[in-house]
Amino acid sequence: MSKIISIINHKGGVGKTTTAINLGAALSLFHKKKVLLIDLDGQANLTTHCGVFTEPENSIFEVLYSSLPMKDAILSFPTFDLVPSKLDLSGVEISLVNRPAREMAVKKAIKTVSDNYDLILIDCPPALGLLTFNALTASDAFIIAMQTEFFALHGLSRILTEVVDVVRDNLNEKLVFAGIVATMFDKRRALHGDALEKARENYGDEMFSTVIRINSSLSDASADGKHIFDYEPTSRGAIDYKSLAKECIKRNLL
Ligand SMILES: Nc1ncnc2c1ncn2[C@@H]1O[C@H](COP(=O)(O)OP(=O)(O)O)[C@@H](O)[C@H]1O
Ligand SMILES: [Mg+2]
């Protein structure tokens, strides 16, 4: 059976998309998982990160807006498959709002393809709106990507109480908190060490022990439309995401 995991945070620029592609690639390459990535962000960063630089004809937008079967939106790559996104998705939340079972649209679409995959990773937009609610309703578990910075913890407890608890109580009681992954850690910066320590004090075992260090190869790979194992397999970024994948297996997430 496939596992569905959402990567969330209400903030942008914290490493959600970088985690989606590189964790997905690591689980495919080193753990032989058949992986589907879903770009659920209208900014379509995951889509370009996968090397799709021109707007795709079919995307998650058509799936959600005009009921295109999800299989018709899937693009295949050597390491994983992708349901791309496009700018139009940013308007889809408004049209979903008035629909019955509006939180179920993503779940319904995924159900039609999930048997073909071991893991489906959903890259969420930087907001806790209807699309993120849809992702969490469809998911077995979620990972919070947290940029290692002074204000990182600010708002995290709200994600857990105002979003996750609401989803669990009303839409998806089996939703598991897989953990928080600290990203863009720079050991030369004392404040990063403090932020990590504070997060570990607050969240204990819910913090992944793997910390994703700051590494320019990760952003260069994204600009080049490649995952890190394709772009620079010996980089710190590659080492860290390989370790995160191993930890996901150890934590029985899939
Ligand atoms: N560990 C890292 N080291 C260096 N740059 C990173 C790292 N993680 C992400 N980035 C860069 O930071 C920016 C934001 O990351 P991204 O994954 O797109 O965040 P989000 O999806 O949360 O908005 C991107 O340009 C990305 O390439
Ligand atoms: Mg993103």
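**Q** An account of helix 6 (residues 130-138) is requested, with residue identities and associated values reported.
**A** Of all the nine residues making up helix 6, nine are buried; the element is thus mostly covered by neighbouring parts of the structure. Buried within helix 6 we find Leu130, Leu131, Thr132, Phe133, Asn134, Ala135, Leu136, Thr137 and Ala138.

**Q** A description of the site of ligand 1 should follow, citing residues and the corresponding values.
**A** The immediate surroundings of ligand 1 are formed by 15 residues, with Gly13, Lys16, Thr17, Thr18 and Asn215 found nearest. Glycine 15 places a polar main-chain atom, nitrogen or oxygen, 3.0 Å from an oxygen atom of ligand 1. Asparagine 215 has a polar backbone atom sitting 2.9 Å from a nitrogen atom of ligand 1. When ligand 1 is considered free in solution it has 550 Å² of accessible area, and contact with the protein chains removes 79% of it. When contributions to the shell around ligand 1 are tallied by element, the ones reaching two or more residues are helix 1 (16-31), strand 8 (207-213) and helix 9 (216-223).

**Q** Residues and numbers for the packing of helix 6 against helix 7 (residues 156-170), please.
**A** Where helix 6 meets helix 7, the closest approach of the two axes is 10 Å, and the angle between their N-to-C directions is 45°. As judged from the angle between their axes, helix 6 and helix 7 are oblique. As for how helix 6 packs across helix 7, the hand of that crossing is right-handed. Here helix 6 contributes Phe133, Leu136 and Thr137 to the contact with helix 7, which in turn contributes Glu162, Val163, Val166 and Val167.

**Q** Which residues make up the environment of arginine 102, and what are the values?
**A** Mapped onto the elements, arginine 102 comes out in the loop between helix 4 (92-97) and helix 5 (105-111). C-alpha of arginine 102 to C-alpha of serine 2: the two residues are 100 residues apart in sequence and 23 Å apart in space.

**Q** How would you summarise the sheet that holds strand 1 (residues 3-8) if you had to cite specific residues and measurements?
**A** Strands sit in the order 3-4-2-5-1-6-7-8 across an open sheet of eight strands; the sheet is mixed. Looking along the sheet, the strands with just one partner apiece sit at the ends: strand 3 (75-76) and strand 8. By the bridge criterion, two bridges tie strand 3 to strand 4 (residues 81-83) in an arrangement that is antiparallel. Looking at the pairing, leucine 75 lines up with leucine 82 of strand 4.

**Q** For the packing of aromatic side chains, give the residues involved together with the corresponding values.
**A** For the structure shown, the criterion picks out five aromatic pairs. Judged by centre distance (5.3 Å) and plane angle (75°), the rings of phenylalanine 150 and phenylalanine 151 are edge-to-face. With respect to class, phenylalanine 150 is no different from phenylalanine 151; both count as exposed. Its guanidinium or amino end placed over the ring of phenylalanine 30, lysine 242 lies 4.4 Å from that ring's centre, counting from NZ or CZ. Positioned above the aromatic ring of phenylalanine 208, the side-chain terminus of arginine 251 is 4.5 Å from the ring centre.

**Q** Can you tell me about the environment of serine 2, naming the residues and giving the values?
**A** Secondary-structure assignment places serine 2 in the segment before strand 1. Spatially, the C-alpha atoms of serine 2 and valine 113 are 9.8 Å apart, while their sequence positions differ by 111 residues. Non-local contacts of serine 2, meaning those with residues more than four positions away in its chain, are made with Ser114, Tyr117, Asp118, Ile120 and Asp140. Polar side-chain contacts of serine 2 include one of 3.4 Å to the backbone oxygen of serine 114.

**Q** Give me the lowdown on the side chain of histidine 192, citing residues and values where you can.
**A** Secondary-structure assignment places histidine 192 in helix 8 (residues 190-203). In this structure, histidine 192 is in contact with Thr148, Met184, Phe185 and Asp186, ignoring residues within four places of it in sequence.

Calculation criteria
Residues numbered from 1 in each chain as written. Chains lettered and ligands numbered in written order. Predicted model: local features only at pLDDT ≥ 70, side-chain atom pairs only at ≥ 80, totals over all residues. Heavy atoms only, no water. Buried < 20%, exposed > 50% of the residue type's maximum accessible area, 1.4 Å probe, protein only. Helix = DSSP H or I, 4+ residues; strand = E, 2+ residues; numbered from the N terminus. Near = heavy atom within 4 Å. Polar contact = N/O pair within 3.5 Å; in protein donor to acceptor, adjacent residues only side chain to side chain. Areas by Shrake-Rupley, 256 points an atom, 1.4 Å probe, with all protein chains shown as cover. Axes fitted to C-alpha atoms, helices over the stretch in contact; angles between N-to-C directions. Parallel < 35°, antiparallel > 145°, perpendicular 65-115°, else oblique. Left-handed = near helix turned anticlockwise from the far one by under 90°. Contact = heavy atoms within 4.5 Å. Pairing = 2+ DSSP bridges. Phe/Tyr/Trp six-rings, centres within 6.5 Å; stacked < 30°, edge-to-face > 60°. Lys NZ or Arg CZ within 6 Å of the ring centre and 35° of its normal.

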